[in-house]
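Below are the chains, spelled out letter by letter.
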Amino acid sequence: MNRKINKVAVIGSGIMGSGIACHFANVGVEVLLLDIVPRELNEKEKNKGLTLDNPIVRNRIVNDSLQSAIKSSPSPIYDKSFVNRITTGNLEDDIAKVKDVDWIIEVVIERLDIKKQVFENLEKHRTPGTLITTNTSGIPIKFMNEGRSEDFQQHFCGTHFFNPARYLQLFEIIPGPNTKPEVIDFLKEYGEKHLGKKSVIAKDTPAFIGNRVGIFSIMSLFHTVKKMGLSVEEVDKLTGPVIGRQKSATFRTVDVVGLDTLVHVANGLYENVPKDERHELFKIPDYIQKMMDNKWLGSKTGQGFYKKVKDKEGNSNILSLDLETLEYKKQGKTNFPTLELTKTIDNVADRFEVLINGKDKAGEFYRKSFAALFAYASHRIPEIADDLYKIDDAMRAGFGWEHGPFQIWDAVGIKKGIELVEQENLAVAEWVNEMINAGQESFYSIKDGNKYYYNQQSKKHEIIPGQDAFIILDNIRKSNEVFSNSGVNVQDLGDGILNVEFTSKMNSIGGDVLGGLNKAIDLAEKEYQGLVVSNNGKNFSVGANIGMIFMLAVEQEYDELNMAIKYFQDTMMRMRYSSIPTVACPHNMTLGGGCELSLHADKVVAHAESYIGLVEFGVGVIPGGGGSKEMTLRASDTYEKDDVQLNRLRENFLAIGMAKVSTSAYEAYHTNILQKGKDIVVINKERQLTIAQKHAQLMAENGYTKPQQRQDIKVLGQQALGAFYVGTDQMYAGKYISEHDKKIANKLAYVMAGGDISMPNTLVSEQYLLDLEREAFLSLTGERKTLERLQHMLKKGKPLRN
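Now for a quick tour of the structure. This is a predicted model, so every value here is computed, not measured.

Cut-off values and rules
Residues numbered from 1 in each chain as written. Predicted model: local features only at pLDDT ≥ 70, side-chain atom pairs only at ≥ 80, totals over all residues. Heavy atoms only, no water. Helix = DSSP H or I, 4+ residues; strand = E, 2+ residues; numbered from the N terminus. Rg over C-alpha atoms; globule rule 2.2 N^0.38 Å. Contact = heavy atoms within 4.5 Å. Areas by Shrake-Rupley, 256 points an atom, 1.4 Å probe, with all protein chains shown as cover. Lys, Arg positive; Asp, Glu negative; His and termini not counted. Charge placed at Lys NZ, Arg CZ, Asp CG, Glu CD. Salt bridge = Lys/Arg side-chain N within 4 Å of Asp/Glu carboxyl O. Buried < 20%, exposed > 50% of the residue type's maximum accessible area, 1.4 Å probe, protein only. Pairing = 2+ DSSP bridges. Axes fitted to C-alpha atoms, helices over the stretch in contact; angles between N-to-C directions. Core = buried A, V, L, I, M, F, W, Y, C linked by side-chain atoms within 4.5 Å. Expected span 1.5 Å × (residues − 1). Phe/Tyr/Trp six-rings, centres within 6.5 Å; stacked < 30°, edge-to-face > 60°.

**Some details on the overall build of the protein**
Tallying secondary structure elements over the protein gives 32 helices and 25 strands in all. Against the 2.2 N^0.38 benchmark of 28 Å for 802 residues, the protein shows a C-alpha radius of gyration of 28 Å, consistent with a compact globule. Referenced to the eigenvectors of the C-alpha coordinate spread, the extents of the protein come out at roughly 80 × 70 × 65 Å. Here the contacts in the protein between residues at least 6 apart in sequence split such that 69% fall between residues at least 24 apart. Summing over all exposed atoms, the protein offers an accessible surface of approximately 34,900 Å²; the carbon and sulfur share of this is 49%. Distance between charge centres in the protein, computed from 99 positive and 104 negative side chains, equals 3 Å.

See the structure below:
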């Protein structure tokens, strides 16, 4: 059956339900969002004289829930206009509408009796063959479809989204006893291809895969930190970015999610996995129970492991909870020698060996934590999943871990991992020992561009299925390398297309990266057909190397700085004006120079989660790598009527002057960073490179011809310059901007107006604007305030952003 999903019904509009509805709207699906009818009026409705029969009242719960979700931060929606794809209603007046949908997703309260009642009502109106799934986080699927028809059971299973649905990539699919295999296959592909998820098939066991291992990890930590006497802030320092986890680490994440949510799942596991070898670990520690009793649940109650308070002067301070006294205190400084040893190690996987060998309390913490995790994960196979890579996939996609348990274990060495486990008087699963005895020394291996995993059933390494659908850089980086330097690695993607991968710190763009880009273009023009710029870094690029700019400016080496900026500009222009097509693949933070590179590519294939912007104002300069020129050019291309020309230019001027950063790739269309009809957005990050390669190949096959540099850019001269100067004067007079900000804005105005030209609509060249841009950039680097900002950014180790 060639199944298509054009319309879905989401039943339940709570945080999770509204989030799921928004994400389906994100990908272009029409959504029907339903919830219960209120049983009594609220005060506002009473004052308006409304009755329970009024449609506004009857849909109050669903509408309030959806509006609350839309206003939340981070936003669940890519673009505000996408909300129009969602229609709301209630389960009494509108339930019959589910007959017209292709997929029904139940997201009501986690009570079996209520869910079964909802399914009974839905089946009265559901069209046979329609998919129907539950977003349960742990109720057995087999219990929920009892009493339902054969067709219902054949098309029913669990589809567990993680909250927030837009941002967390895990999509657990849990087959029921009678679910058709083709239904599972369809959902797996749809989750990955259309929803941008990592689809993982889980067994119908308590908490499935992600929460089973994730909650164990947190509960293990709760017990460990108390025994070791570690503070809340120390634990968050140890369990954050240093090991490839989110910046919010452990306790801050629990505060955001809600302690009650975690405790609910932990209690469920304690009740439902009595034979689990670590069963007692799911028992809530006394200090956690005390927090529950006190309603210290985190952000939702104003305090949890952290509490925000104001001092006498009105300044905000964040206190942390002392786990011994359960009193809030000023956060202490965290200093672990072991962590200092990892500061020069950029690759997270390479840090694990250093961390477990630490001689301080941090080293002890890592040895205990990883030992517990390794042992537990090994015993969950085949209980919760037959294949170990599914556990790693679930932890990476659902909890934001950069490496799953078995990947971390590989990084420290399997034998070393077993040694750590035994030191804690624990034991690994027998299949791990059998694997070692058989001479297998790793859980994963790479061969011929494919990744393999150890299959404990066949007792050999087997290829991870599904890799043929996309290009995986990690698998081809070494075998397909054609050039590398300290800033880039260039790989042959096949079909005549090269890829440039940045390898600099935070993917910042300096001389080595620019040299690598030029070399890659040279190679592509001589021996290949096209070029893609893509990487697997946490961010595409945080911008230019401000350390280099700062040093040259401090030493007043303006000739060298001028040459460096011109080299940047020339390289960006080569991205646009070479004899081969170029495609940029931005994702996550794409700031400053990273944005400028995207602006100059022939095509942008952006991941939906791309936060793109020209943010140079934050360090006291204007975009100097062609960004100011390009935004002027793009405004010129939209000029139609004289009365809107200045407005078009002002939009782009403000995008730079306010250092606007899009909150999604779709939003970047509104700031003119992405262009409709040319640039595209992809939902699945894993498929981004493959799609980019195909577009580069298609452009080449269609007879790509080197473009000619533009000589026809309309500039507005004094007309725009006067208007912008008046605006900056007013902003300064109103104390909205500083004197230095005014100076930067006026420099930008001069560039985007095309200089002090008396005749509007004068045609100038790209090079003319680039020269103005570079001159303005250089003059600003000599400003004391700019140097102070640059120095501050360097001390903080922050990228070039506002």
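So, next bit.
**A closer look at the pattern of salt bridges**
Inspection of the entire model under this criterion finds 45 salt bridges. The partner of Arg39 in a salt bridge is Glu92, and the shortest N-O contact between them spans 2.9 Å. Here Arg39 is found in the loop between strand E2 (30–35) and helix H2 (43–47), whereas its partner Glu92 is found in the loop between strand E3 (86–90) and strand E4 (103–106), with 53 residues between them in sequence. Overall, the relative accessible area of 63% leaves Arg39 in the exposed class. We classify Glu92 as partly exposed; its relative accessible area is 42%.

**Some words on the sheet that holds strand E14 (residues 460–463)**
In space, the 3 strands of this open sheet follow the order E12-E13-E14, with antiparallel pairing throughout. Taken across any chain shown, the strands that pair with only one partner, and hence form the sheet edges, are strand E12 (444–447) and E14. Averaged over all neighbouring strand pairs, the angle between strand axes comes to 40°, with direction disregarded.

**Things to note about the nonpolar core**
In terms of nonpolar packing, the biggest core is built from 113 residues, with Phe24 and Trp103 touching the most fellow members. Once residues lying within four places of it in the same chain are set aside, the contact partners of Trp103 are Ile5, Lys7, Val8, Ala9, Phe24, Thr130, Leu131, Thr133, Thr159, Phe171, Leu187 and Tyr190.

**So, the environment of Met589**
Residue position: Met589 is located in strand E20 (residues 588–591). For the pair Met589 and Met435, spaced 154 residues apart in sequence, the C-alpha to C-alpha distance is 41 Å.

**Some thoughts on unusual backbone geometry**
Leave glycine aside and you will find that most residues have negative phi; peptide bonds, for their part, are mostly trans. With an omega dihedral of 0°, the bond running from Ser73 to Pro74 counts as a cis peptide bond. When you line up the elements, Pro74 lands in the loop between helix H4 (60–71) and E3. In this structure, the amide linkage connecting Ile381 to the following residue, Pro382, adopts the cis form with an omega of 10°. Its place among the elements puts Pro382 in the loop between helix H16 (361–379) and helix H17 (388–399). Not every positive phi belongs to a glycine, and Ala207 is a case in point at roughly 65°. Its place among the elements puts Ala207 in the loop between strand E8 (198–201) and helix H9 (210–228).

**A closer look at helix H30 (residues 739–752)**
For H30, which comprises 14 residues, the first-to-last C-alpha distance of 20 Å matches the rise-based estimate of 20 Å (1.5 Å per residue) to within 8%. Listing the buried residues of H30 in full gives His740, Ile744, Ala745, Asn746, Leu748, Ala749, Val751 and Met752. Looking one or two places after H30, you find Gly754, whose phi comes out positive at around 85°.

**Examining the packing of aromatic side chains**
Within the structure shown, the criterion is met by 33 aromatic pairs. With 5.6 Å between their ring centres and 65° between their planes, Phe365 and Tyr366 make a pair best called edge-to-face. Assessed through its relative accessible area of 1%, Phe365 is described here as buried. Given the relative accessible area of 1%, Tyr366 is considered buried. Ring centres 5.1 Å apart and planes at 70° place the aromatic pair Phe406 and Phe443 in the edge-to-face group. Highlighted residues: Phe406 in helix H18 (residues 405–412) and Phe443 in the loop between helix H20 (430–437) and E12, separated in sequence by 37 residues.

**Describing the sheet that holds E2**
Strand order in this open sheet of 8 strands is E3-E2-E1-E4-E5-E6-E7-E8, and the pairing throughout is mixed. With one partner strand each, in any of the chains shown, E3 and E8 form the two edges of the open sheet. Each strand axis lies, on average, 25° off the axis of its neighbour in the sheet, ignoring direction. Of the strand pairs in this sheet, strand E6 (residues 156–161) and strand E7 (residues 170–175) are connected by 5 bridges, and their pairing is antiparallel. Its bridge partner lying in E7, Thr159 is registered against Ile173. Strand contacts of H17: E7 and E8, with the helix running at about 140° to E8, the strand carrying the most contacts.

So, to be careful, I would describe these as geometric facts and stop short of saying anything about function.
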